[in-house]
Amino acid sequence: MALSRLRGPVKEISNSHAPSFLRARFLSSSSSSRSLSRPPCVQNSLVGGHGSPLRPASLFMLTGVQNNSLKLKLWVGGIKHFSSTESSHTVLQMPAMSPTMSQGNIAKWRKKEGDRIEVGDVLCEIETDKATLELESLEEGFLAKILVPDGSKDVPVGQPIAITVEDQDDIQNVPATVAGGSEIKEETINQNVKNENNVQEKSSIKTSASALPPHILVGMPALSPTMNQGNIAKWLKKEGDKINVGDVICEIETDKATLEFECLEEGYLAKILAPEGSKDVAVGQPIAITVEDPADIETVNNSVSSGSEIKEAKPTHHDDGNEAKAQKTGSHGTLLKGDVLAAIKSGKGSSSKEKTLPSPQKASPTVSTDSRSHIKQSDSFEDLPNSQIRKVIARRLLESKQNTPHLYLSSDVILDPLLSLRKELKEKHDVKVSVNDIVIKAVAVALRNVPEANAYWNAEKGEVILCDSVDISIAVATEKGLMTPIVRNADQKTLSSISLEIKELAEKARAGKLSPNEFQGGTFSISNLGMFPVDQFCAIINPPQAGILAVGRGNKVVEVVIGSDGVERPAVVTKMNLTLSADHRVFDGKVGGAFLSALGSNFSDVRRLLL
């Protein structure tokens, strides 16, 4: 290699001194395109603290080939270790190949341990959340050790994946001096588990409920249907205070409001288990203990400390007829609370000291053999592992529905003029275009005529940003998930050029060969399900875009039309449904209506798209 060895103590060129940087270079005869998200300017050289140039830990480069097709390759270096006593080596890390990438999968290793590496050799294939990329080496050497094998999933960015050396003789010394990332990770996890166990043993103090006098455990109540935890804002009763029916014990802060917690029975507040200011107390967790006899307060205080865990005694049912001996003094033979307490004190009732409810599972009848076998059969399932692309799609769609206020507008357009133009282009000019190609052109022209619709919402500034180009994202279904290649400046391109570009982008998307510039950005999206067939549907906005058009199939319907003589007559026409999903922060009813009106005009007079 070009680097000379250093004498003396071990030194490491780490990312803290030489951060990785991104350099993109596209070689193509097509004009440079604009994107909604533009990468920041990056310097091509790094300077250390003493003014000396440093080599970056990793280098990313996009190189182009002929015929306007772009091939994405990754050139990678690594963290270099030099020593006079140990073998010098380079640790290759999982690189960040896109701004949104946080982890990747090792699809396949092209080199084996011990193989020689030349400059430009492909080491492995890495599957990201966007595509499958080739990892190429910038320097020559030998692949000493593979730390992450084929098929490894969800490898975090920055985790070591391989080790290279300069001399072949150093290969056998690497395993003894360098540990894999998995070993370090396991040691860290084991240490964390030990620490958690030690903390839990020290802080967890269990008290058996059977060792306490007659008492009632007051649990955190569910004060709203969506509440699963709450905060103790303030205790209005102190330990030892008398509690009457209807007294407010404490104030509980929920996810909705701060509410007062009233007591339904009288007694004494013996112990507060969750003090004021306790956060995220789970519903059902004991927060206090009450007793009926004030003499039992001191016993509970001495047995239970604040924050300790109360170990419930499992209720047992003894059918010995003691219940029948309790005298019922209520009206119509009703057994009252006082009757039970009197029976317990006299020794006639149950020996249980704590009020407990029977377990519903114990009271349920025995399940039949047939129903048990049915339950077992219904539990059978098969896990389908998700690709990185599908994981990102799932997360982004959920974020879109949760964070973007969707506005839906629907309209029907007559498709006959479009079909006539398509037939004429094929017969007279031998130009084959699809319905989707003409839809893309019609949408792009409508966005140019209504620039307020060609915009997005800037969350940091809290304002609408108008886009300076019309870039249409097209939804393409692939085996790995939905991809959205982009037709740049679609309003300025002809129908034939749009058709050719769509075919090329769709093929590259299905093969997983799209470059970042071909799917990142875009100002508006189109999703067409008319070929499946689907009459009408509502699509989900692709952030940070503000609109997506759902295109249904064309259906023949009977409709009243006005002839050339001005007379209304029934006629069969082909109609297609268009549904706009728009960000309501960008689109209001006026902007959405103006866009659909302009789009309808393009379909009714489709020849204007040829201008």
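In this text the structure is predicted, and so the values were computed from the model without any measurement.

**Brief notes about the overall build of the chain**
Within the chain, the regular secondary structure consists of 13 helices and 35 strands. Buried positions account for 40% of the 611 residues belonging to the chain. For the chain, the accessible surface area stands at approximately 35,300 Å², while carbon and sulfur atoms represent 52% of it.

**What about helix α11 (residues 495-511)?**
Side chains that are three or four residues apart share a direction in an α-helix, a result of its 3.6 residues per turn. Taking 1.5 Å of rise per residue, 17 residues should cover 24 Å, and α11 covers 25 Å from first to last C-alpha, within 8% of that figure. Looking one or two residues past α11, Gly512 carries a phi angle of roughly 70 degrees, positive in sign.

**Considering the environment of Asn517**
Position of Asn517 among the secondary structure elements: in helix α12 (residues 516-519). Judged by relative accessible area, Asn517 falls into the partly exposed class, the value being 24%.

**Points about the sheet that holds strand β23 (residues 281-282)**
As summarised here, the arrangement of the four strands in space is β21-β20-β18-β23, forming an open sheet in which the pairing is antiparallel. Each having just a single partner strand, β21 (258-262) and β23 make up the two edges of the open sheet. Sheet topology note: the strand β18 (residues 229-235)/strand β20 (residues 248-253) ladder contains four bridges and is antiparallel. Its bridge partner lying in β20, Asn231 is registered against Glu253.

**So, the pattern of salt bridges**
Across all of its chains, the model carries 18 salt bridges by this definition. The residue Arg116 makes a salt bridge to Glu118 at a minimum N-O spacing of 2.9 Å. You can call Glu118 partly exposed: its relative accessible area is 34%. Linking Lys271 and Glu239 is a salt bridge whose minimum nitrogen-to-oxygen distance equals 3.9 Å. Highlighted residues: Lys271 in strand β22 (residues 267-272) and Glu239 in the loop between β18 and β19 (242-243), separated in sequence by 32 residues. According to the relative accessible area criterion, Lys271 is buried, its value standing at 10%.

**As for the sheet that holds strand β26 (residues 406-414)**
Taken together, the six strands give an open sheet; going across it, the order is β26-β35-β34-β33-β29-β32, and neighbouring strands pair in mixed fashion. The open sheet has two edge strands with one neighbour each: β26 and β32 (486-487). Summarising the sheet, strand β29 (residues 472-474) and strand β33 (residues 524-528) pair through three bridges and their orientation is parallel. Within β33, the residue paired with Ile474 across the bridge is Ile526.

**Some words on the pairing of strand β11 (residues 122-127)**
Summarising burial for β11: six of the six residues are buried, a large majority. Direction of pairing for strand β9 (residues 103-109) relative to β11: antiparallel, over a ladder of four bridges. Within the sheet, the bridge partner assigned to Asn105 lies in β11 and is Glu127. Sheet topology places β11 next to strand β12 (residues 132-137); five bridges connect them, and they run antiparallel. Each bridged residue has a counterpart across the sheet, and for Val122 the counterpart in β12 is Glu136. Linking β11 back to β12 in an antiparallel pair, the connection comprises four residues.

**Points about unusual backbone geometry**
The step from Phe532 to Pro533 runs through a cis peptide bond, and the omega angle for that step is 0 degrees. Of note, Pro533 is situated in the loop between β33 and β34 (547-562). In this structure, the amide linkage connecting Pro543 to the following residue, Pro544, adopts the cis form with an omega of 5 degrees. Summarising the element assignment, Pro544 is placed in the loop between β33 and β34. Residues other than glycine seldom take positive phi values, yet Asp154 does so here, at roughly 55 degrees. Mapped onto the secondary structure, Asp154 falls in the loop between β13 (141-146) and β14 (155-156). Unlike most non-glycine residues, Asp280 shows phi in positive territory, near 55 degrees. Topologically, Asp280 is positioned in the loop between β22 and β23.

**As for helix α9 (residues 416-429)**
Across its 14 residues, α9 extends 19 Å between first and last C-alpha, which sits within 8% of the 20 Å expected from 1.5 Å per residue. Taken together, the buried positions of α9 are Leu418, Leu421 and Leu425. Buried residues of α9 fall within an arc of 60 degrees about the axis and therefore sit on the same side. More than 90 degrees from the buried face of α9, the exposed residues found are Lys423, Glu427 and Lys428.

**What about the side chain of Ser527?**
Checked against the element boundaries, Ser527 lands in strand β33. By relative accessible area, Ser527 is classed as buried at 13%. Leaving out residues up to four positions away in the same chain, Ser527 has contacts with Ala475, Phe537, Ile548, Leu549, Ala550 and Val551.

**Topic: a nonpolar patch on the surface**
Together, Leu335, Val340 and Ile344 make up an exposed nonpolar region whose accessible area comes to about 220 Å². Its place among the elements puts Leu335 in the loop between α4 (322-325) and α5 (337-346).

**Considerations on the pairing of strand β28 (residues 463-466)**
Every regular strand shows the same layout, with side chains that alternate between the two sheet faces. Sheet analysis places strand β27 (residues 455-458) next to β28, joined by four bridges and oriented antiparallel. The residue of β28 that forms the bridge with Trp457 is Val464. Counted along the chain from β27 to the antiparallel partner β28, the turn is four residues long, and its residue Gly462 has a positive phi close to 70 degrees.

**So, the nonpolar core**
Residues Val443, Ile472, Phe587, Phe595, Leu599 and Phe603 are the most contacted members of the largest nonpolar core, which totals 54 residues. In this structure, Met101, Phe142, Leu143 and Ile146 belong to the second largest nonpolar core, which totals 26 residues.

**Description of the packing of helix α10 (residues 435-449) against α11**
Interhelical geometry of α10 versus α11 gives an angle of 115 degrees and a closest axis separation of 9 Å. Seen from above, α10 lies across α11 with right-handed handedness. Contacts between α10 and α11 pair Asp437, Ile438, Ile440 and Lys441 from the former with Leu495, Ile498, Ser499 and Ile502 from the latter. Of the residues contributing to the contact of α10 with α11, the split by class is five nonpolar, one polar and two charged.

**Side note on the environment of Glu568**
Note on placement: Glu568 falls in strand β35 (residues 568-583). A residue is classified by how much of its surface remains accessible, and Glu568, at 56% relative accessible area, is exposed. With residues up to four places along the chain from it excluded, the contact list for Glu568 reads Val560, Val561 and Ile562.

Cut-offs and rules
Residues numbered from 1 in each chain as written. Predicted model: local features only at pLDDT ≥ 70, side-chain atom pairs only at ≥ 80, totals over all residues. Heavy atoms only, no water. Helix = DSSP H or I, 4+ residues; strand = E, 2+ residues; numbered from the N terminus. Buried < 20%, exposed > 50% of the residue type's maximum accessible area, 1.4 Å probe, protein only. Areas by Shrake-Rupley, 256 points an atom, 1.4 Å probe, with all protein chains shown as cover. Expected span 1.5 Å × (residues − 1). Pairing = 2+ DSSP bridges. Salt bridge = Lys/Arg side-chain N within 4 Å of Asp/Glu carboxyl O. Arc of directions from axis to C-beta. Contact = heavy atoms within 4.5 Å. Patch = residues over 30% accessible without salt bridge, like charges linked within 9 Å, V, L, I, M, F, W, Y side chains within 5 Å. Core = buried A, V, L, I, M, F, W, Y, C linked by side-chain atoms within 4.5 Å. Axes fitted to C-alpha atoms, helices over the stretch in contact; angles between N-to-C directions. Left-handed = near helix turned anticlockwise from the far one by under 90°. Nonpolar A, V, L, I, M, F, W, Y, C, P; charged D, E, K, R; others polar.

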